[in-house]
Amino acid sequence: MKDVLVAAIIYTILFVILTTPVNNSIGGLSVEAVEKLHYLASEIVFWAATFYICASATYGAFARQDRFSLSQNHPILNRVFSLILIISPFLAVFWNVRFVFLFLGLLLFSHLRSKTAEEKQIEFSKSRALSNMILLPLFTVALMLMTINGYYVTSILNLGSTNSEIVETDVSR
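Thresholds, definitions, all that
Residues numbered from 1 in each chain as written. Predicted model: local features only at pLDDT ≥ 70, side-chain atom pairs only at ≥ 80, totals over all residues. Heavy atoms only, no water. Core = buried A, V, L, I, M, F, W, Y, C linked by side-chain atoms within 4.5 Å. Buried < 20%, exposed > 50% of the residue type's maximum accessible area, 1.4 Å probe, protein only. Helix = DSSP H or I, 4+ residues; strand = E, 2+ residues; numbered from the N terminus. Contact = heavy atoms within 4.5 Å. Phe/Tyr/Trp six-rings, centres within 6.5 Å; stacked < 30°, edge-to-face > 60°. Salt bridge = Lys/Arg side-chain N within 4 Å of Asp/Glu carboxyl O. Polar contact = N/O pair within 3.5 Å; in protein donor to acceptor, adjacent residues only side chain to side chain. Expected span 1.5 Å × (residues − 1). Arc of directions from axis to C-beta.

A. Seen up close, the nonpolar core. Counting residues in each nonpolar core, the largest one holds 30 residues, and the members touching the most others are Tyr 11, Leu 14, Phe 46, Val 97 and Val 100. For this core, the secondary structure elements donating two or more residues are helix H1 (2-19), helix H2 (31-64), helix H3 (75-94), helix H4 (99-113) and helix H6 (128-148). Counting residues per element, this core draws most heavily on H6, which supplies 8 residues. Within the second largest apolar cluster, 6 residues are counted, among which are Ala 61, Leu 85, Phe 103 and Leu 106.

In structure tokens form, the structure reads like this:
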């Protein structure tokens, strides 16, 4: 549950940043400069939490590979899930952040389906399955708030390249 607590604290900072109005100039900065700083701060905090989720759960991904309880009936599907589980945090950071959904979903599926005798003794309120159940909606809300504010995040390679202005298209045709 430590992962959830740290991610929740970082996302709380993000929620405060995203709900702060930016339509006034602050100090000697113009409104445009404040908007750009707001966007940059929002994206940095969002990526900090996303990195934390990916980094903290990557160990779990390596430890839980081949633990989908599909080995006997569907061995190929078990291997495909394991491969996706291992590469999805890297895809989330370098290609598209939405792979976090796949990553957390597969970890949750793994924790719910395959439990060792030791894992069965752990209370559900202290389990990694509950952590993943909480992280999924928390990440969803953060991504929704970024999108609602016009900050369309895709990957860390596009950090700061997506501005908050809506591109107008020619609809007069």
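B. Here's a closer look at the side chain of His 111. Summarising the element assignment, His 111 is placed in helix H4. Excluding residues that lie within four positions of it along the chain, His 111 makes contacts with Arg 64, Arg 128, Ala 129 and Asn 132.

C. Broad picture of the packing of aromatic side chains. Per the stated rule, a full pass over the model turns up 9 aromatic pairs. Centroid distance Phe 81 to Phe 109: 6.0 Å. Interplanar angle 85°. Geometry classified as edge-to-face. Highlighted residues: Phe 81 in helix H3 and Phe 109 in helix H4, separated in sequence by 28 residues. What makes Phe 109 partly exposed here is its relative accessible area of 28%. One aromatic cluster is present, built from ring pairs that chain together Tyr 11, Phe 15, Phe 46, Trp 47, Phe 51, Phe 101 and Phe 139.

D. Quick peek at the pattern of salt bridges. Throughout the structure, instances matching the rule amount to 1 salt bridge. A salt bridge links Asp 3 to Arg 128, with the shortest nitrogen-to-oxygen separation between them at 2.7 Å. Here the residue Asp 3 occupies a position in helix H1, and Arg 128 occupies one in helix H6, the gap between them amounting to 125 residues.

E. The environment of Ser 82, seen in detail. Tracing the chain through its elements places Ser 82 in helix H3. Only 3.0 Å separates the side chain of Ser 82 from the backbone oxygen of Asn 78, close enough to count as a polar contact.

F. Inspection of H1 at higher detail. Helix length check: H1 (18 residues) gives 26 Å between terminal C-alpha atoms against 26 Å at 1.5 Å per residue, within 8%. The set of residues buried in H1 consists of Asp 3, Val 4, Ala 7, Ile 10, Tyr 11, Leu 14, Ile 17 and Leu 18. The buried residues of H1 all sit within an arc of 145° when viewed along its axis, so they share a single face. Across from the buried face of H1, at angles greater than 90 degrees, the exposed residues are Lys 2, Leu 5 and Thr 19. Of the surrounding secondary structure, the elements contacted by the buried residues of H1 are H2 and H6.

The quantities given are spatial measurements derived from coordinates; they are silent on function.
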